[in-house]
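Coordinate inspection notes
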Amino acid sequence: MSTIRYSLSAAPVNCFFIFLLFLSGTLIFDRGEGAIGVCNGRLGSNLPSEQQVVEFYRANGIQRMRIYEPNQATLRALQGSGIELMLGVPNVDLQSLQSDATDWVRTNVVPHFPNTRIRYIAVGNEVDPENPETSRFVPLVLPAMRNIYDALSVFNLQDRIKISTATFSALLMNTSSPSSSSFRNMSFMEPIVRFLEQTDAPLLANIYPYFAHIGDTRNVPLPYALFTAPGIVVQDGVYGYRNLFDAMLDSMYYATERAGGPNVEIVVSESGWPSDGGVAANMANADAYYRNLVNHVGNGTPRRPGNEIETYLFAMFDENQKPGAQSEQHFGLFHPNMQIKYQVDF
């Protein structure tokens, strides 16, 4: 499979560049339904400016963005762009929101909305009661969510911007069959899910078949993770699963229902595959994963067929300062100089 690359300068995207993209047919995220967004991480020393990034999203027809903190330059650059935003509250900021969040909303939401189309606020990311690095944040998540919701109510924005938190598959247990899945720590997740049910907000979930595969390559075959399995791999009652993404997402739905959220939708707040730096991390696999995921999200899952899956690809650019395994620095759809790594056709 050939990969078409474009060398771009560090200068802001201009009309001529956008014209070239139209000519070449490489507006790779021009999806009419708007189901696909892309995460905009900033942990790199060589990334484009915030204004360049927003222009690059627009040039590629990307209609939704996730950011991980209230970066004021990004919030300003998004004004009038039409791009919908998932705005993050970092874990380290949760403590400051335990008594009141009015100042936070007044600073990070009110000056920008609605010209910056804030759609969700993700309060915390991957907080895990069993992880020593994040367990201290467990009692802080729901109070911060409630306080931001109350602060939005002061400005009559509580129904226009949805408050949630970004969880992940590590919080689940009994996932060999999606229908048996539940949250490991119900005392943490059940009150959060009930709050989402009450406020008609979705649960945000980071779904990574990549990590499931490399964690158990024997029992999680690569084709199952890449959407390329020739047939059903997991049969769960009447539902047959041909890809791991669907199984992981339906597992999250089952767990959410068991926690008191039968009407809570799930937005996939991250999903991606690295191109380097680890087991099965290469350009061919990443290309296959992103292409197949984008083509799949309109189909729904076996348990929710036809229910379009709002999904945020991780991430826009490779980030050379991202901590953790080497592969963490290679999830970008683009190089930092805005060269395309993969061509995703629609």
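Heads up: the structure comes first, above all this text.
Quick caveat, the model's predicted, so the values are computed rather than measured.

1. A word on the packing of aromatic side chains
Scanning all chains against the criterion turns up 17 aromatic pairs. Residues Y208 and F331 carry aromatic rings whose centres are separated by 5.9 Å and whose planes lie at 85° to one another, so their mutual orientation is edge-to-face. Here F331 lies in the segment after β12 (311-313) and Y208 lies in the loop between β8 (203-206) and α7 (209-215), a separation of 123 residues in the sequence. Judged on exposure class, the residue Y208 and its partner F331 are both buried. Ring geometry for Y210 against F331: centres 6.2 Å apart, planes inclined by 85°, an arrangement best described as edge-to-face. Linking Y210 in helix α7 with F331 in the segment after β12, this pair joins segments that are 121 residues apart in sequence. Taking relative accessible area as the criterion, F331 reaches 2% and is therefore assigned buried. Among the aromatic residues, those joined into a cluster by ring pairs are Y68, Y208, Y210, F211, F227, F245, W273, Y289, Y290, F314, F331 and Y342. The ring of Y254 carries the charged tip of R303 above its face, separated from the ring centre by 4.0 Å.

2. A few points about the side chain of E310
Inspection of the secondary structure assignment puts E310 in the loop between α10 (283-296) and β12. Within the structure, the side chain of E310 is placed 3.2 Å from the side chain of R119, a separation counted as a polar contact. Within the structure, the side chain of E310 is placed 3.0 Å from the side chain of Y312, a separation counted as a polar contact. Contact partners of E310, with chain neighbours within four places excluded, come to A35, R64, R119, Y120, V267 and V268.

3. Details of empty space enclosed by the protein
A complete count under the given rule lists one cavity of 30 Å³ or more for this structure. Size it by volume and the largest cavity reaches roughly 40 Å³. Lining of the largest cavity is provided by E126, V127, V141, T165, A166, T167, L171, F188 and M189. Among the secondary structure elements, those contributing two or more residues to the lining of the largest cavity are β5 (162-168) and α6 (186-199). Among the elements that line the lining of the largest cavity, the one with the most residues is β5, at three residues.

Conventions used here
Residues numbered from 1 in each chain as written. Predicted model: local features only at pLDDT ≥ 70, side-chain atom pairs only at ≥ 80, totals over all residues. Heavy atoms only, no water. Phe/Tyr/Trp six-rings, centres within 6.5 Å; stacked < 30°, edge-to-face > 60°. Helix = DSSP H or I, 4+ residues; strand = E, 2+ residues; numbered from the N terminus. Buried < 20%, exposed > 50% of the residue type's maximum accessible area, 1.4 Å probe, protein only. Lys NZ or Arg CZ within 6 Å of the ring centre and 35° of its normal. Polar contact = N/O pair within 3.5 Å; in protein donor to acceptor, adjacent residues only side chain to side chain. Contact = heavy atoms within 4.5 Å. 1 Å grid on protein atoms, 1.4 Å probe; cavity = no way out; pocket = protein on both sides within 12 Å on 5 of 7 lines; lining within 4 Å. Points joined across faces, edges and corners; volume = space filled by probe spheres on them.

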